[in-house]
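Each chain, letter by letter, is given below.
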Amino acid sequence: MTVSENPKVLIHTNPQFGKCPQCKSVSTLHRSRAKSMYEQIVRRITFFKTYRCKECGWRGFRSTLIFTRKSIRHIIIYLIIIIITALIARYLIINFALT
Ligand SMILES: [Zn+2]
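Position numbers for residues count from 1 along each chain, tracking the sequence in the order it is written. Thresholds applied to this predicted model are a pLDDT of at least 70 for local features of residues and 80 or more for the giving and counting of side-chain atom pairs; totals over whole chains, interfaces and linings are not thresholded and use all residues. With hydrogens and water set aside, each side-chain value is computed from the structure's full complement of heavy atoms.

Student: Looking at this structure, how should I read the coordination of the zinc ion?
Tutor: Looking at the zinc ion, the protein donor atoms are Cys 20 (SG), Cys 23 (SG), Cys 53 (SG) and Cys 56 (SG), and they sit 2.2 to 2.3 Å from it. Distances up to 2.8 Å from the metal define which N, O and S atoms are donors, and 3.2 Å serves for Na, K and Ca; water is absent from the atom set, so sites may look incomplete. In the primary structure, the donors to the zinc ion are separated according to the pattern C-x2-C-x29-C-x2-C. Note that Cys 20 is positioned in the loop between β1 (10-12) and β2 (29-31) and Cys 53 in strand β3 (residues 48-53), a separation of 33 residues in sequence. With a relative accessible area of 2%, Cys 53 lands in the buried category. Secondary structure elements follow DSSP: runs of H or I no shorter than four residues count as helices, runs of E no shorter than two count as strands, and numbering proceeds from the N terminus. Think of it in three bands: residues with accessible area under 20% of the maximum for their type are buried, residues over 50% are exposed, and the middle band is partly exposed, with areas taken using a 1.4 Å probe on protein chains only.

See below:
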């Protein structure tokens with residue numbers, strides 16, 4: 001297990017060079033302005049941006065960041081470590097702190 005190698009967890013992508021989810025055309029997506037309050041909020045707090053396909057007119061959210069398959073394994077390992085730490089901390093608090 002080589003957690004210390006610092007893997008690239010997230011890769012930045014540009015959906016403009018990706019495929020349209022509807023018509024599968026390549027490089028037809030363009031950044032679209034957020035039309036609603038909901039879209040503005042999503043755009044601000046997440047990695048999703050609004051895009052529009054100039055071929056078929058599809059409009060929706062595309063992520064500008066993708067998780068690598070390797071990183072998912074690391075995230076799972078980190079989560080397990082966090083859960084175990086939390087359980088140990090809870091055990092110690094219950095058994096020692098409250099006496
Ligand atoms: Zn399309």
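Student: Before we go on, may I ask you to explain the pairing of strand β4 (residues 59-63) in this structure?
Tutor: Successive side chains on a regular strand alternate, one facing one side of the sheet and the next facing the other. Here β3 pairs with β4 via five bridges, running antiparallel. Among the inter-strand pairings, Arg 52 is bridged to a residue of β4, identified as Arg 59. In this scheme, strands are said to pair when DSSP sees at least two bridges between them. Adjacent in sequence and paired antiparallel, β3 and β4 are bridged by five residues, among which Gly 57 carries a positive phi angle near 85°.

Student: Could you clarify how one ought to interpret the environment of Arg 73 in this entry?
Tutor: One can find Arg 73 in helix α2 (residues 69-97). Overall, the relative accessible area of 54% leaves Arg 73 in the exposed class.

Student: Quick question: what am I supposed to make of the sheet that holds β4 here?
Tutor: Strand pairing in a sheet takes place through backbone hydrogen bonds and is either antiparallel or parallel in direction. Reading across the sheet, the three strands line up as β2-β3-β4 and stay open at both edges, with antiparallel pairing between neighbours. Each edge of the open sheet carries a strand with a single partner, namely β2 and β4. Neighbour-to-neighbour, the strand axes of this sheet turn through a mean angle of 50°, independent of strand direction. The strands that helix α1 (residues 37-45) touches are β3 and β4; relative to β3, the one it contacts most, it runs at about 125°. In this description, a line fitted to the C-alpha atoms serves as the axis of each element, helices being fitted only across the stretch in contact, and the angle between N-to-C directions of two axes falls anywhere from 0 to 180 degrees. We call two residues in contact when some of their heavy atoms are within 4.5 Å.

Student: Just to check I follow, could you spell out the side chain of Glu 39 for this structure?
Tutor: Mapped onto the elements, Glu 39 comes out in helix α1. For Glu 39, a relative accessible area of 12% translates into the label buried. Setting aside residues no more than four positions away along its own chain, Glu 39 makes contact with Arg 33, Ala 34, Thr 50, Arg 59 and Phe 61.

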